[in-house]
Amino acid sequence: MTENKFRVALAGNANVGKSVVFNQLTGLHQHIGNWPGKTVEKAEGTLHFKDYSIDIIDLPGIYSLSTFSLEELISREYIAVERPDLVINIVDASLLERNMFFTLQLIELETPIVMALNQMDMAKRKGIKIDHEKLEKLLGIPVIPTVAVSGTGIYELLEKAVETIEKRGKKPSQMNYGEEVEERIGALSELVQKIHYPYPSRWTAIKLLEKDEQVDREINKIDPEILHASENLAKEIEEIHGHSCSTVITSERYEIASRITREVQEVTPPTKPPTRERIHTLTTHKIFGYPIMAVTVLLIFYSIFTFGDYTSGLLGDSLFGLKPIFEGIFGTGVVGKLVWGGIIEGIIGGVTVALPYILPFYFVLYFLEDSGYLSRIAFLMDKFMHKIGLHGKAFIPVMLGFGCNVPGCLGCRIMETTRERLLAAFVVTLVPCAATTVIILGLVGRFVGFQWALALYVVDLLIIFILGRIAFKTLPGEPTALIMEMSDYRVPHMKTVLKQTWFRLMDFITMAFPLIIVGSLVIKMVEILNLLEPIASILSPVTVTWLGLPAITGITLIFGVLRKELTLIMLATLFGTANFAEKMTSVQMIVFTLVAMLYIPCIATIAALIREFGWKKTYIITVSEILLALLLGGITFRLLSF
Amino acid sequence: MELRLSDLRDGESGVVISIGTSRGRGDADRVGRGWGFRKRLEDMGLTPGTEVTVVRSAPFSGPLEIYVRGSRLAIGRRMAERIFVEVKR
Ligand SMILES: Nc1nc2c(ncn2[C@@H]2O[C@H](COP(=O)(O)OP(=O)(O)OP(=O)(O)O)[C@@H](O)[C@H]2O)c(=O)[nH]1
Ligand SMILES: [Mg+2]
């Protein structure tokens, strides 16, 4: 069967719903949340529709086709260079003017476009009515209203997309930027037409006038005369308007977007301030904003702890009670020991120790993310983050880091400079992730007291602050300023939140459990071969003498490099019980947790760091964190046993 | 009256005159460090002639929340110091 293959890219402003549409179309699960900048790399999925096989590409959200940031570069490269058969421009209907500014730039690129007028439900709630048929006429491109989260309009969108590709028809007609500018665009594009340059000549001319770095550089290589001509033309425009040429063109574009918006949109603002506005005012309030944030965070950890504590106890008692049954089946010989101790106990450890904390934690994080609170916290924390050489937006990857350091490190791409990305990633690796939370809440919280678990978090924040400051001083450079959109609060879409929690949980189970089982098997073998003692004693100068821990913890800390929660699960396997209080003193539990929390980024995080920043920087971060953990662990041990 | 955006009171509106690339006014160095940020602000709708409202500013001279073309932006104070606006007072 011969299949027609198409490539369709999803492009648009940040946080408009591109990834929701992508997931709807492909059945994949890209990260969704209510803050700008989640998708940092393009993602691909395939869809079969009629006789076609369509590759869908989810692109990072951007405000413009300039080359200011990594996301803009990635998206522009894809649309301009790889030339998909069609671009679906996803637009936030409640912010039509700003979104259309980007649409106009897509039109300049002369790619076939279909517009998805998304978030129609939100627009309606804000009292915004849009005549999409008129919009279609004015822009000269098909417009389909959609509500991506509920799937409304997605089928029509797909049909229209295929129809547009099939017709391969006319390019969208170009907008008029006013006489003085148009004249010069015309003159310049005539020059560009003569050379061999892969982009549309009108687009190239506009980019030259805007002094786009990349286009300037490339044209200069081909024919410096053209660059020269464009500089002169730009100067003329500057003299007429009194602003830089790029400002003039941007203004003209917005002028057009604004005019069209006025023609198609009718706004009847709601009479009383809606709840989301009142929540916004409260959560960004000068005085109340901070206590609200503190209480929210506290409540979150306390409820996760309560849930985890209860469930963990319940599961532990009943599951470890199964031991006699298994021994009845497999005996107490080597096979029995391996099956019970190696496999079953590992799984039970994973289920009782990790899942009760991880599950609610993921849920709450996704819930918060989808509400829109993260960007408010970023706003409140901006000033604080400046103290460690970053700005407020860096707090978003930090919060993602609480779920897992890996997306946290990748999320650092929302920072503008390499220096800031590195600084932020360093901070992220110090954040206790969900796995570490398992240890903090499941060991210290459960057996020493919630207030001690809390104290560990506070200590961690202090360490982050101090080390962040040191890193800031060693990496010279001015912090750049915050520019971030704060999208409206939304009632989190439950299905989305639950779905994301579920997939994340499945990821956890498929990643962690094989490791847990293999780890437990290895440990049991080592135990059967009577090698536990010798290995543990090699490490005992550090673990026993310096940190005051049971010698056996040395072995679990080695496993913890794979995944942090393994340290605790392996400990349960080795002790043969998840009631750690029987085997460790309170001080030991606190020191163990502190060390486990800081001693190394896990292997997945190390891999992410290498990918983003290279070997050398990763090596420095890793080694300094090992040393720091040992240093602090030893000091804490001595302070607490005083 | 011409003011920096950072000098506006909470709830006050003004019309953008220009965005400086350094702390000073005007279009001086177009390729310098501030250029990208000015471009970003303009791309987000802060073009000359646009009305912008300071909704609130965070305490301890933190960032500002501004409202422009229907969207809500958070911008650092140092950024706001570079935006010149015309205000009726
Ligand atoms: N009410 C409503 N919410 C929507 C709709 N479409 C998307 N959302 C929500 O909008 C937010 C952003 O959606 P995403 O798909 O993650 O946005 P994106 O465009 O991929 O964002 P970036 O990757 O950050 O650029 C999420 O909280 C979604 O639940 C819609 O049609 N109606
Ligand atoms: Mg996305």
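For the structure, see preceding data.
Just so you know, these numbers come straight off a predicted model, no measurement behind them.

Here is what the cut-offs are and how they apply
Residues numbered from 1 in each chain as written. Chains lettered and ligands numbered in written order. Predicted model: local features only at pLDDT ≥ 70, side-chain atom pairs only at ≥ 80, totals over all residues. Heavy atoms only, no water. Salt bridge = Lys/Arg side-chain N within 4 Å of Asp/Glu carboxyl O. Helix = DSSP H or I, 4+ residues; strand = E, 2+ residues; numbered from the N terminus. Buried < 20%, exposed > 50% of the residue type's maximum accessible area, 1.4 Å probe, protein only. Axes fitted to C-alpha atoms, helices over the stretch in contact; angles between N-to-C directions. Parallel < 35°, antiparallel > 145°, perpendicular 65-115°, else oblique. Left-handed = near helix turned anticlockwise from the far one by under 90°. Contact = heavy atoms within 4.5 Å. Nonpolar A, V, L, I, M, F, W, Y, C, P; charged D, E, K, R; others polar. Donors = N, O, S within 2.8 Å, 3.2 Å for Na, K, Ca; no water. Phe/Tyr/Trp six-rings, centres within 6.5 Å; stacked < 30°, edge-to-face > 60°. Lys NZ or Arg CZ within 6 Å of the ring centre and 35° of its normal.

Caption draft 1: The arrangement of the pattern of salt bridges in detail. Under the counting rule described, the total for this entry stands at 30 salt bridges over all chains. The shortest N-O distance in the salt bridge between Lys286 of chain A and Asp10 of chain B comes to 2.8 Å. With one member in each of two chains, Lys286 of chain A in the loop between α12 (275–283) and α13 (289–320) and Asp10 of chain B in the loop between β1 (2–4) and β2 (13–19) form a pair that bridges those chains. In this structure Lys286 of chain A comes out as partly exposed when scored by relative accessible area, which is 36%. For Glu565 of chain A, the salt bridge identified is with Arg563 of chain A, shortest N-O distance 2.7 Å. Among the residues examined, Glu565 of chain A registers a relative accessible area of 1% and is labelled buried. Linked through salt bridges whose partners overlap, the residues forming this network are Lys126, Glu277 and Asp488 of chain A together with Arg56, Glu65 and Arg72 of chain B.

Caption draft 2: Main features of the packing of α13 of chain A against helix α16 (residues 373–386) of chain A. Residue and element names in this part refer to chain A. For the pair α13 and α16, interaxial distance at closest approach is 11 Å and the crossing angle is 125°. Here α13 is positioned oblique relative to α16, judged by the angle of their axes. As for how α13 packs across α16, the hand of that crossing is left-handed. Residues Gly289, Tyr290, Ile292, Met293 and Thr296 of α13 pack against Tyr373, Ile377, Leu380 and Met381 of α16. Counted by class, the contact of α13 with α16 contains seven nonpolar, two polar and no charged residues.

Caption draft 3: Just unusual backbone geometry, in detail. Located in the positive-phi region is Glu110 of chain A, a residue other than glycine, with phi close to 60°. Here Glu110 of chain A is to be found in the loop between α3 (96–108) and β5 (113–118). Taking the relative accessible area as the measure of exposure, Glu110 of chain A reaches 22% and is therefore partly exposed. Although it is not a glycine, Arg69 of chain B adopts a positive phi angle of roughly 45°.

Caption draft 4: Highlighting the coordination of the magnesium ion (ligand 2). Those protein atoms acting as donors to the magnesium ion (ligand 2) are Ser19 of chain A (OG) and Thr39 of chain A (OG1), and they sit at 2.0 to 2.1 Å. Of the two residues, Ser19 of chain A is situated in helix α1 (residues 18–26) and Thr39 of chain A in the loop between α1 and β2 (43–49); the sequence distance between them amounts to 20 residues.

Caption draft 5: Structural context of the packing of aromatic side chains. Residue and element names in this part refer to chain A. Taken as a whole, this structure holds 16 aromatic pairs over all chains when the rule is applied. Here Phe101 and Tyr254 contribute two aromatic rings whose centre-to-centre distance is 4.2 Å and whose plane-to-plane angle is 10°, an arrangement assigned as stacked. Pair noted here: Phe101 is in helix α3 and Tyr254 is in helix α11 (residues 245–264), with a separation of 153 residues, a long-range link. Residue classification places Tyr254 among the buried positions, given a relative accessible area of 0%. Taking the ring centre of Trp35 as reference, the NZ or CZ of Lys38 above it sits at 5.8 Å.

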